[in-house]
Amino acid sequence: MPCTARQSFAASARRGAARSIVNPMEGSVEARVSHEVDRWLQWLPRWRPGTHRARVRLCQRCFGSPIIAAAGLDVDVPHPVQHAFSMRMKGIIDDAVDDYTARNLPMLHREIRLAEERKARRPYRAGEGLDPEYLGLELDPEPVPDQPFLFTLGGLEATAAAEANEPAPRPFTPEEKEALREEVRLADEFAKQLGRRICVELAQHRYRIGNAVERLVEPQVADMLADLDRELDAPGWAG
């Protein structure tokens, strides 16, 4: 791509970004946030504390998330409850970024489409079709020393991907790499701005989110802690 064409493309993409950050979700961010909060509140009564061994690794989606903090879920809330909320808000951002990319970032849109087509041709995809509450969670438990797994879902997916024998994508030219990096930067900036809008909007929903956690989550956590106290006080634990 000639230098002047790259400059023209970048300027056009920036103009598109300026328009799109304001317009595509205008009047609907509020509705989408309210709708997804409603869906999360409908799911919450089904949540139960897990009985499996806790994970050691922190969830990068939820730990330190400004969206979780904006919703008031960042303190003393079980991770599955946080994660279910976070992924619903992520869905809003993903849909808007997909739309923005399709309309304004042709190279990035093409590469995403080709990657999705390659993924769709795989015979097995472990995380396919999950409800939003379970998206992004690790599908396999953490390994235990000296207790190897016979198989893992992640391993099966990797094997299926290798057996698909997809040809490697063609390498990018330096000019294409530069243009693609610019499109990725614009998409990231759009996502960050939309995330900030969602954080502002979540202030309107903090009361009903907090009320639901108080009614539906905290009693279950309290019961679990009480059960643990009773087990620790049992005669079998006497030193």
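Residues numbered from 1 in each chain as written. Predicted model: local features only at pLDDT ≥ 70, side-chain atom pairs only at ≥ 80, totals over all residues. Heavy atoms only, no water.

Let us now look at the overall build of the protein. Assigned secondary structure in the protein consists of eight helices and zero strands. In the protein, the order of α-helices and β-strands from amino to carboxyl end is α-α-α-α-α-α-α-α. With 239 residues in all, the protein has 30% of them scored as buried. Partitioning the contacts of the protein with sequence separation of at least 6, the portion at a separation of at least 24 is 83%. Surface exposure of the protein reaches about 15300 Å², of which carbon and sulfur atoms provide 56%. (Helix = DSSP H or I, 4+ residues; strand = E, 2+ residues; numbered from the N terminus. Buried < 20%, exposed > 50% of the residue type's maximum accessible area, 1.4 Å probe, protein only. Contact = heavy atoms within 4.5 Å. Areas by Shrake-Rupley, 256 points an atom, 1.4 Å probe, with all protein chains shown as cover.)

What follows is about the environment of Val97. Along the polypeptide, Val97 turns up in helix H4 (residues 79–104). Along the primary structure Val97 and Glu189 are separated by 92 residues, whereas in three dimensions their C-alpha atoms are 9.9 Å apart.

Now for the packing of aromatic side chains. Describing an aromatic ring pair means giving the distance of the ring centres and the angle of the ring planes. Tallied over the full model, the rule gives two aromatic pairs. Between Trp40 and Phe85, the ring centres sit 5.2 Å apart and the planes meet at 85°, which makes this aromatic pair edge-to-face. Linking Trp40 in helix H2 (residues 29–43) with Phe85 in helix H4, this pair joins segments that are 45 residues apart in sequence. In this structure, Trp40 and Phe85 share a single accessibility class: buried. Between the aromatic rings of Tyr100 and Phe190, the centroid separation amounts to 4.4 Å while the plane-to-plane angle is 15°, which identifies the pairing as stacked. (Phe/Tyr/Trp six-rings, centres within 6.5 Å; stacked < 30°, edge-to-face > 60°.)

With that settled, consider the confidence of the model for the protein. Looking at the protein as a whole, the pLDDT averages 80, with 74% of positions reaching at least 70. Considering only residues more than four positions removed or in separate chains, one finds that residues 1–26, a stretch of pLDDT under 50, has 36 contacts. (pLDDT = per-residue confidence, 0-100.)

Moving on to the pattern of salt bridges. Per the counting criterion, the structure on display carries ten salt bridges. Residue Glu36 pairs with Arg88 through a salt bridge whose shortest N-O separation is 2.8 Å. Of the two residues, Glu36 is situated in helix H2 and Arg88 in helix H4; the sequence distance between them amounts to 52 residues. One exposure class covers both Glu36 and Arg88, and it is buried. (Salt bridge = Lys/Arg side-chain N within 4 Å of Asp/Glu carboxyl O.)

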